[in-house]
Structures are given as C-alpha cells and as structure tokens.
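Chain residues, written in single-letter form:
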Amino acid sequence: MTMGQCNKMLEEMSFNALFQKLPVGIEVYDERGQLVDLNRTDENLFAISRKDIMGINLFENPNFPEDKIARLKQGEMVVFDCNYEFDNIQTNEYYNIDPKKEGTNLRLSIKCVPLKGEAEDICGYVLMFTDETEEYQKSEKVEELFTKLKTVMRCSDSSFERSWCGRLRWSRFGLHL
C-alpha cells in the first residue's frame, strides 16, 4: 500500500468513526430517496437495526409533512419539528417497529439537506435528527403547573394576582418575570 492509499484509508476510518459517534441521528439517502446509510445514534433513537430498514424511502415516511417532502424534492433545505408517532409507522407499514416503541412518540427536531452535484442536480439527501422529547415534556409540565398556579392565584388574593400575574411570562425557554 502506498502512503497516499494509507492516508486515504485513515481519513475514511476517521470519518466513519466520527459519523458513527455523532450525538445526533444521521440518515443518508440516494437521489431517489432510498436509505443508503445511517449512524448508531439513529439506530438507537428509533430502536431499529440497519439491516431491517436499508432501502426504505424517505418520501414515503408517514410522519413527515407532505409540504416538507415537496420542498425537499425541489432542492430546498427543510427544518421542522415533528411529533414522530411509532404507531403511525406501524399502521402504514413503513418499517417494522420494536414492540417497546408501540404507543410512543418522539419529539424530534429534523434538518433535511439535499446534496447537489456540480450541475445543481440532487444526488442525495442527509437527514439529521435531534431528540427533543425530554425538553418538550419538561416545558409541557412547567406550562401545566404555571396554568394551575395562575388559577390558584386568581382564586386567592386578587391584589397578589394583579401584582404578579402581569409580570410573569412563559416562553419556550422558561418562566420570566
């Protein structure tokens, strides 16, 4: 093996190691939308095995909004949040889900990037998945508790409610005075 071949092999090994260890799920699709590669994080996130889902079609995913798929096919980068319902996957026979995933949902942040050749033709797609489920559940719980607090405050001393309720604001990032 020449020095150049050794360096190329080391680069490929380094890239593959990095690809496999990224903390976000990554899926790579060809120009027709057929799955050709994914990393371990993706396998763990969706409780799937590489051999069981290779070749599934991105454009047939029942959890992806049709308008996002259309924009991706037109060559646009698409970013969206998705309530990924495993029962929807099973019902539509998109792929066989792990029985432990039945009845569960993931709250995902998804970024879809079309890969383009020199002539700007689409030669594939890369999808990145970030699991936001825990954060989403926490914010939902805080919002629920905040609503209960406001109800209690309305039923108690109205001067307390007037002085504090007007100052409290809720956003995705928490409670603000």
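What you see is a predicted model; the values in this text were computed from it and never measured. All chains use their own residue numbering, which begins from 1 and follows the written sequence. Confidence filtering applies because this is a predicted model: local features only for residues at pLDDT of at least 70, side-chain atom pairs given and counted only at 80 or more, and all residues used for totals across whole chains, interfaces and linings. Just so you know, side-chain values use all the structure's heavy atoms and leave hydrogens and water out.

**Side note on the packing of aromatic side chains**
Where two aromatic rings form a pair, the distance of their centres and the angle of their planes describe that pair.
Next, step 1: Classification of ring pairs rests on two measures: the distance between centres of Phe, Tyr or Trp rings, Trp counted by its six-membered ring, which must be within 6.5 Å, and the angle between planes, read as stacked under 30 degrees, edge-to-face over 60 and tilted in between. Taken as a whole, this structure holds eight aromatic pairs when the rule is applied.
Next, step 2: In this structure an aromatic cluster arises from ring pairing among Phe-46, Phe-64, Phe-80, Tyr-84, Phe-86 and Phe-129.
Next, step 3: The residue whose ring lies beneath Lys-73 is Phe-59, and the NZ or CZ to ring-centre distance is 4.7 Å. As a reminder, the over-ring test applies to NZ of lysine and CZ of arginine, requiring each to be within 6 Å of the ring centre and within 35 degrees of the ring normal.

**Description of the nonpolar core**
Nonpolar side chains in soluble globular proteins tend to be buried together.
Next, step 1: Formed by 29 residues in total, the largest nonpolar core has its most connected members in Phe-46, Phe-64, Tyr-84 and Tyr-95.
Next, step 2: Looking at this core, the elements with two or more residues in it are β2 (35-38), α2 (40-46), α4 (66-73), β3 (78-85), α5 (86-91), β4 (105-116) and β5 (122-131).
Next, step 3: A contact between two residues is defined here by any heavy atoms of the two lying within 4.5 Å. Residues contacting Phe-46, with those up to four places away along its chain left out, are Glu-27, Tyr-84, Phe-86, Tyr-95, Lys-101, Leu-106, Leu-108 and Phe-129. Buried Ala, Val, Leu, Ile, Met, Phe, Trp, Tyr and Cys residues form a nonpolar core when they are joined through side-chain atoms within 4.5 Å. Whether a residue is buried, partly exposed or exposed follows from its accessible area with a 1.4 Å probe, protein chains only, as a fraction of its type maximum: under 20%, in between, or over 50%, in that order. Under the DSSP-based scheme used, a helix requires at least four consecutive residues in state H or I and a strand at least two consecutive residues in state E, with every element numbered from the N terminus.

**Here's the deal with the pairing of β4**
Next, step 1: With eight bridges joining them, β3 and β4 adopt antiparallel strand pairing. Following the sheet pairing, Val-78 is matched in β4 by Cys-112.
Next, step 2: Paired strands are those between which DSSP finds at least two bridges. Here β4 folds back onto β5 in antiparallel fashion, the turn holding five residues, of which Glu-120 has a positive phi close to 65°.

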